[in-house]
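So the chains spell out like this:
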Amino acid sequence: MEFAFIFTKINILIIILAICSPCKFIQSPMDFGSSSLLQTTNTSSIDFGRIIFSPPSAVLRPQSADDISLLLTFLYASSFSKVTVAARGAGHSIHAQSQALDGIVIEMDSLPSDIHIHKKLDEGHGVSYADVSGGALWVELLQESLKFGLAPRSWTDYLYLSIGGTLSNGGISGQTFKYGPQISNVLELDVVTGKGDLITCSPTKSSELFFAVLGGLGQFGIITRARILLQDAPEKVKWVRAFYDDFDIFIKDQQLLVSMPDLVDYLEGFVVPNEESLLSSSIAFPAHLHSVPSFHLSNVYYCIEFAVHDFQVEPSVVEQTVEKITTQMSYLQPYIYSVDVSYFDFLNRVRMEEMSLRARGLWEVPHPWLNMFVPKFGIKEFKDLLMDNMSLNQFKGPILIYPILKNKWDANTSAVLPDTEDLIYIVGVLQSADPASCSAECVAGIVRRNRRIVGAASAERIGAKQYLAQQPSLLHWRCHFGGHWNRFLARKARFDPLAILGPGHGIFPRVRLHGVDSTW
Ligand code: FAD
């Protein structure tokens, strides 16, 4: 144990000395022997997007928060260093957000994924929560908490994402309208700042760091532990899908469901641009969809997806709840389907799609995704903008559209939302680019198209903001943050003044301690 600790320390020192040296002598990570601390791994310059590949000079596989603190303390104190550091959770970013060109990637999955569940006493005060490593996956937390009959309240659609990765962005899904994003469901964090300080923070303790880090794009510190709020987990859910051929009616019904948080536990929706898209979105949904609307070339359909938790107390309660909801909806008769699935399978539904895509060689392909938060007033125009810019009959991948409520987000966090009314739509254009039909040039074309859409949608009449943002310049980042830019800047100056962290976003150029000043 003792030996391993000293060994880790020595290795970190070697990495730092090597990378900080003015005459850069890392030719190959193998120069340093076989230590896993030094090898750049295949995964450290790859992410889910498969669009940008930025190889680091070295990789750190920490065994504890202290290893990370040691690395950042040294880098912060080093006067001639240009080294940057990115935390890599599960690497499911699209645009190299967890990469560090010529820097150090910290692979967070090497931290022991200790998960401690605290269940409140039946009649007791307080809340149930889990303490979990920043590098653990949400699926691991779910598996562990279910052993206690508990689960987090707020999710992402896909569970093989890391705790630290989604908390650095927001973490949204069909529960967000009800419980807020994942960043609204955190009680406490352990964070290593860009200065190397290891700090425990919460809404009442070192709160500026706590709120900075949530939605903070990995710019202020590295989350090594999170305390996540838990609630009682249902045994099963009733999962319902209803189809529409009219966009106005589709969004009107979504708004109706948002107004029923006492009945609805999960609410999403998606565009069905072609038959293939319908089939691929139904892999995890075990209903017989043989009678779905027949597709005509000119038709686009929409689907509302909602779920009701089933605690299996009284058999008819869930049926009655679903009926109460659906009788108020105006879907295309008779196209409504429902299935009963275990809570775990429901939350883990995208994993089944992943397996199917992997089997067809379509998972590890480029993903030029675009995610936007669109205010209610701009959603129709944004939908038209999308339709005008995409050929829907050839589109591969889901296009999600569902509402969330701004008042469920804490304005103190670093997350960016439209500066408008309460009801906001998340629109996810989750396109896959099969190399068999879409070359690198074609992918670059989709990225340019997405950029044009972001530009047009940012105009006042739509007022949208990008989620999981990628911006081409500092000026664009300033516009993205809008009125919150100065706060973001002040937080950076306070917690990572040398801009060591999060280089993949391209927001802040690295600052030398006694050297050229930055242009932020
Ligand atoms: P990474 O890509 O590894 O990192 C993301 C960012 O967080 C980087 O800036 C990185 O430096 C930083 N970071 C990572 N770990 C830490 C840490 N411990 N401390 C500080 N910073 C850190 N998002 C949603 O909100 N809802 C969804 O439903 C959803 N579904 C998805 C489905 C799929 C199939 C995929 C690929 C992505 C999905 N996402 C979704 C997006 C996902 O939330 C983000 O891409 C997230 O960043 C992925 O987490 P990760 O652990 O892979 O992060």
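For the structure itself, look to the data block above.
Throughout what follows, the structure given in this document is the object of discussion. Computed from a predicted model, the values in this text were never measured in an experiment. Every residue gets a number counted from 1 within its own chain, in the order that chain's sequence is written. Note on the predicted model: pLDDT of at least 70 is required for a residue's local features to be given, and 80 or more for side-chain atom pairs to be given and counted; whole-chain, interface and lining totals, by contrast, use all residues. Side-chain measures were taken over the full set of non-hydrogen atoms in the model, leaving aside hydrogen atoms and water.

1. Some thoughts on helix α13 (residues 440-458)
By the criteria applied, helices consist of DSSP H or I runs no shorter than four residues and strands consist of E runs no shorter than two, each listed in order from the N terminus. Helices are assigned an expected span. That span is 1.5 Å times one less than the residue count. In a regular helix each residue adds 1.5 Å, so 19 residues correspond to 27 Å; α13 covers 27 Å between its end C-alpha atoms and thus fits that length. Buried residues are those whose accessible area, probed at 1.4 Å on protein chains only, stays under 20% of the maximum for their type, while exposed residues exceed 50% and partly exposed ones sit between those limits. Residues of α13 that are buried: Val 443, Ile 446, Arg 449, Asn 450, Ile 453, Val 454 and Ala 457. End-on view of α13: buried residues confined to an arc of 145°, all on one side of the axis. Residues Ala 440, Glu 441, Arg 448 and Arg 452 are exposed on α13 and point more than 90 degrees away from its buried face. In this analysis, two residues are considered to be in contact whenever any of their non-hydrogen atoms come within 4.5 Å of each other. In the core, the buried residues of α13 are packed alongside β14 (370-375), α12 (379-389), β16 (423-429) and β17 (465-467). To be clear, the arc concerns the directions from the helix axis to the C-beta atoms.

2. Some words on empty space enclosed by the protein
Where empty space is left can be seen by rolling a probe of water-molecule size over the atoms. In this analysis, the protein atoms alone were mapped onto a 1 Å grid. Cavities are point sets where a 1.4 Å probe fits without being able to get out; pockets are open sets with protein on both sides within 12 Å along at least five of seven lines; lining residues have an atom within 4 Å of a point. Grid points are joined across faces, edges and corners, and a volume is the space filled by probe spheres set on the points. In total, this model carries two cavities of 30 Å³ or more according to the counting rule given. What the largest cavity holds in volume is close to 120 Å³. Taken together, 14 residues line the largest cavity, and the ones lying closest to its centre are Asn 169, Leu 217, Ala 415, Val 416 and His 480. Put simply, the parts of the chain that give the lining of the largest cavity at least two residues each are β17 and α14 (474-481). Along its surface, the second largest cavity is lined by Val 271, Lys 383, Leu 386, Met 387, Met 390, Leu 392, Ile 399 and Ile 401. For the lining of the second largest cavity, the element with the most residues is α12, which contributes three residues. Classifying every residue of the lining of the second largest cavity gives seven nonpolar, no polar and one charged. Note on residue categories: nonpolar means Ala, Val, Leu, Ile, Met, Phe, Trp, Tyr, Cys or Pro, charged means Asp, Glu, Lys or Arg, and polar means any other residue, Gly included.

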